[in-house]
Amino acid sequence: MKHLLNPLDFTVEETNRLLDLASDIEKHPDRYAHLCDGKKIATLFYEPSTRTRLSFEAAMMNLGGKALGFSDAANSSASKGETVEDTIRVVSCYADICAMRHPKEGAPYVASLFSRIPIINAGDGGHQHPTQTLADLLTIRSLQGRLDNFTIGFCGDLKFGRTVHSLINALTRYSNIKFILISPPELKVPDYVRDDVLQGFEYEEVTSLEEAMPKLDVLYMTRVQRERFFNEEEYIRMKDSYILDAEKMALAKDNTLVLHPLPRVNEIAPEVDNDPRASYFKQVQYAVYVRMALILTLLDLAPELN
Ligand code: CP
């Protein structure tokens, strides 16, 4: 039984096969409409979510299956003190696969040790968000035509942004990627990302989005993660560090992809939404295809592609 806990759990070959499957699903959704008839996904969300939970449920329904779960720990027996270990032992009796989001780093890993069904990490604290990474990779590959030879800028809260940590991890396995890390000094990537993950790769840490813009093939904007701050005043001081607007977009290349895992708060002005380079809502659609491909792969139901 395989789980997805970390973006590196799949090899590059397995990841590429999964992205190929997602692209085939996009082209031929009808061929996949009944591959999960009779199957159930449990979505155990101990933290708020719109996209990840609903797209997992939509993905399973698109495959003919059903979904059950909770969207708030307060409505589950976690509020009475039940452990993740016990919860997953129980949920293994109800469902065939489980997507779990939890505020504690490593909670989905703990669940995997006690589970009889595949566990998908749907975001654990400020740590990792591997299925957002799969969605990001599919979006870049589909819209840019490749997963190598480009410069990507990560902008905003690089300290707490788990989607950033996961995508940097994943991209280090492709050729000739240059990383520009754009953040205030207080929100730089954690030491392990700089000193371990990015060791041997070309990267720079800067504070100016304007100066970075002309160099970027992909701009990955992120929200300042209010829920991870210990101090509200510090959040208020940081929250509008970067606001992408039409004036800054004028500095970018004609084909720069603008991505954002969403939700956005204030960091992309609505005027950017109609710019053809703004791809964050397409990213949401790609996430459904890739989560369909992931469910099929982990349930060992993925068909061979010609
Ligand atoms: N991108 C993402 O994880 O969004 P949600 O928090 O709404 O699931």
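Residues numbered from 1 in each chain as written. Predicted model: local features only at pLDDT ≥ 70, side-chain atom pairs only at ≥ 80, totals over all residues. Heavy atoms only, no water.

**A word on the packing of aromatic side chains**
- If you walk through the whole model with that rule in mind, you get 6 aromatic pairs.
- Here a set of aromatic residues connected by ring pairs shows up, and it is made of Phe160, Phe229 and Tyr235.
- Across from the ring centre of Phe56, 5.0 Å away, lies the NZ or CZ of Arg291, which sits over that ring. (Phe/Tyr/Trp six-rings, centres within 6.5 Å; stacked < 30°, edge-to-face > 60°. Lys NZ or Arg CZ within 6 Å of the ring centre and 35° of its normal.)

**Notes on the domain arrangement of the chain**
- Per the domain assignment, the segments of the chain are domain 1 (12–128 + 287–298) and domain 2 (130–284).
- For domain 1 versus domain 2, the separation of C-alpha centres amounts to 25 Å.
- With 27 residues of domain 1 at the interface, the matching set in domain 2 holds 23 residues.
- In total, about 2,100 Å² of surface goes out of reach between domain 1 and domain 2, with carbon and sulfur atoms giving 52% of it.
- For the pair domain 1 and domain 2, the number of links is 3 salt bridges.
- In this structure, Arg228 and Glu47 form a salt bridge, with 2.9 Å as the shortest nitrogen-oxygen distance.
- Summed over the shared surface of domain 1 and domain 2, the number is 14 residue pairs in polar contact (both at pLDDT 80 or more).
- Looking at the side of domain 1 that touches domain 2, the elements with two or more residues in it are helix 1 (12–27), helix 2 (51–62), strand 4 (119–124) and helix 11 (280–298).
- With 8 residues, the single largest contributor to the side of domain 1 that touches domain 2 is helix 1.
- Tallied by class, the residues present in the side of domain 1 that touches domain 2 amount to 11 nonpolar, 10 polar and 6 charged. (Domains from an automatic or database assignment. Contact = heavy atoms within 4.5 Å. Buried area = accessible area lost by both parts, 1.4 Å probe. Salt bridge = Lys/Arg side-chain N within 4 Å of Asp/Glu carboxyl O. Polar contact = N/O pair within 3.5 Å; in protein donor to acceptor, adjacent residues only side chain to side chain. Helix = DSSP H or I, 4+ residues; strand = E, 2+ residues; numbered from the N terminus. Nonpolar A, V, L, I, M, F, W, Y, C, P; charged D, E, K, R; others polar.)

**Observations concerning the sheet that holds strand 5 (residues 150–155)**
- Within the open sheet, the 5 strands sit side by side as 7-6-5-8-9. Their pairing is parallel. Of all the strands in the sheet, the pair left with one neighbour each is strand 7 (202–206) and strand 9 (257–259). Neighbouring strand axes in the sheet, compared pairwise and without regard to direction, differ in orientation by 15° on average.
- Relative to strand 6 (residues 177–182), strand 5 is paired through 6 bridges, and the arrangement is parallel. The partner of Gly153 across the bridge, within strand 6, is Ile180. (Pairing = 2+ DSSP bridges. Axes fitted to C-alpha atoms, helices over the stretch in contact; angles between N-to-C directions.)

**Some remarks on helix 1**
- For helix 1, which comprises 16 residues, the first-to-last C-alpha distance of 23 Å matches the rise-based estimate of 22 Å (1.5 Å per residue) to within 8%.
- Where helix 1 is buried, its residues contact helix 5 (130–144) and helix 11. (Expected span 1.5 Å × (residues − 1).)

**Observations concerning helix 11**
- When the terminal C-alpha atoms of helix 11 are compared, their 26 Å separation across 19 residues agrees well with the 27 Å that a helix rising 1.5 Å per residue should span.
- Here helix 11 lies mainly inside the structure; 14 of its 19 residues are buried.
- Just downstream of helix 11, Asp300 is the residue with a positive phi angle, here 60°. (Buried < 20%, exposed > 50% of the residue type's maximum accessible area, 1.4 Å probe, protein only.)

**Focus: the pairing of strand 4**
- Among the 6 residues in strand 4, 6 count as buried, and that is most of the element.
- Pairing of strand 3 (residues 97–102) with strand 4, which is carried by 4 bridges, proceeds in the parallel orientation. By the bridge assignment for strand 4, His102 is matched with Asp124.
- Between the parallel elements strand 3 and strand 4, the chain passes through helix 4 (residues 107–114) in a crossover that is right-handed. (Right-handed = clockwise from strand over helix to strand, strands pointing away.)

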